[in-house]
Amino acid sequence: MFNRLALGSAALLAMAPAFAQQQDFSAVQIQSQQVTPNLFMLSNDVAGNIALSTGADGSVLVDTQFAPLNAKILAAVRAARGSDVKYVINTHWHGDHTGGNEPLGLAGAVIIAHDNVLARMSTEQFMAAFNQRVPPSPAAALPVVTFPSRTTFRLNGDVVQVVHVENAHTDGDSIVHFTNANVIHTGDTYMKDVYPFIDVSSNGSIDGFIASADAVLSRSDAATKIIPGHGALANKADMQRFHDMLVAVRGKIQALIDAGMSEDEVFAAGPTAEFDAAWGQGFMTPENFTRFAYQSLKK
């Protein structure tokens, strides 16, 4: 069974557990894009997108990238006229989204995530895609507030709904909906204009990705702004295209499974072929996406 990625781009390498130890972050720049008057998207080419909320309750970060980028992230917070980071919400456990937790936790930020994020961060994990073991995170990096399905915060003049979506990118994914601002951070349950990474080792699945896209669409309208886990700011039409692609590919792969085909035979049949030009040019190749989708449907 194929279970190891052909590593290529920085975005893909960033998900590998050893990346933070190997990467020179000195040249990485944090790009800040104002989404609403007090909500910003902080991004770069090596880690997951951050949502920053500023206001009277203190700065709120959705995801934290990597610890070596902490000073640059805090500089971006100050440039957005944000105060000290009081709250961190993690969308899932992967290091390119939680790697900056520790310095923020040590500085007093309250870290919030789904129950399974704490479970995975506090114990050794194995990511078959990279053939690597991931050691437990330091105590200060761990979530101190967890929830089983959803939770709501009233911060900086907004109602922030954090909703668990089951077994999509991982088994601990959450989408974060700033309801008044009409902005949704999807974590890695959505990566703009590329095939997604189904982390089968963390119980991710193509069915979960579809359900997560449905959840985001149900909360969206034509004016909604969507912050993806990776990639440029998106909207409901972008999410609809992503959803429709997933549904079509899932149907093709399931039909081939039902016909008795093996993983290699399913890949050879080219179930993603009609979508590869549009979606297969990013870090997740059509082969990797097909194989991980197959594996998730066979579990």
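Below is a short write-up of the structure. (Residues numbered from 1 in each chain as written. Predicted model: local features only at pLDDT ≥ 70, side-chain atom pairs only at ≥ 80, totals over all residues. Heavy atoms only, no water.)

## Section: the environment of Ile210
Within the secondary structure layout, Ile210 lies in helix α7 (residues 206–218). It is 6.8 Å that separates the C-alpha atoms of Ile210 and Val247, two residues lying 37 residues apart in sequence. (Helix = DSSP H or I, 4+ residues; strand = E, 2+ residues; numbered from the N terminus.)

## Considering the nonpolar core
In this structure, Phe197, Phe242, Met245 and Phe289 are the most contacted members of the largest nonpolar core, which totals 49 residues. Sort the elements by how many residues they give to this core and helix α8 (residues 236–258) lands first, with eight residues. When neighbours within four sequence positions are excluded, Met245 is seen to be in contact with Tyr195, Pro196, Phe275, Trp279 and Phe289. (Core = buried A, V, L, I, M, F, W, Y, C linked by side-chain atoms within 4.5 Å. Buried < 20%, exposed > 50% of the residue type's maximum accessible area, 1.4 Å probe, protein only. Contact = heavy atoms within 4.5 Å.)

## Focus on the sheet that holds strand β13 (residues 183–185)
Overall, mixed pairing links the five strands, which are arranged β10-β11-β12-β13-β14 in an open sheet. At either end of the open sheet lies a strand with only one pairing partner, and these are β10 (150–155) and β14 (225–227). Averaged over all neighbouring strand pairs, the angle between strand axes comes to 20°, with direction disregarded. Bridge count between strand β12 (residues 174–178) and β13: three bridges; the pairing is antiparallel. If you follow Phe178 over to β13, its bridge partner there is Val183. (Pairing = 2+ DSSP bridges. Axes fitted to C-alpha atoms, helices over the stretch in contact; angles between N-to-C directions.)

## Re the environment of Gly55
Among the secondary structure elements, Gly55 is positioned in the loop between β3 (50–53) and β4 (59–62). Since its relative accessible area comes to 36%, Gly55 is described here as partly exposed. Note: C-alpha distance between Gly55 and Arg81 (26 residues apart in sequence) is 8.7 Å. Discounting chain neighbours no more than four positions away, the residues touching Gly55 are Ser83 and Asn156.

## What about the layout of surface pockets?
Of the voids in this model, the second largest pocket is the one considered here, and its volume is about 210 Å³. Taken together, 14 residues make up the lining of the second largest pocket; nearest its centre are Leu74, Ser83, Asp84, Val85 and Ala107. Only α3 (70–79), β5 (85–89) and α5 (101–106) provide two or more residues apiece to the lining of the second largest pocket. The element best represented in the lining of the second largest pocket is α3, accounting for four residues. Class assignment for the residues of the lining of the second largest pocket results in seven nonpolar, four polar and three charged. (1 Å grid on protein atoms, 1.4 Å probe; cavity = no way out; pocket = protein on both sides within 12 Å on 5 of 7 lines; lining within 4 Å. Points joined across faces, edges and corners; volume = space filled by probe spheres on them. Nonpolar A, V, L, I, M, F, W, Y, C, P; charged D, E, K, R; others polar.)

## Comments concerning the side chain of His169
Within the element layout of this structure, His169 appears in the loop between β11 (158–164) and β12. The class of His169 is buried, set by a relative accessible area of 0%. Separated by 3.4 Å, the side chains of His169 and Asp188 make a polar contact. (Polar contact = N/O pair within 3.5 Å; in protein donor to acceptor, adjacent residues only side chain to side chain.)

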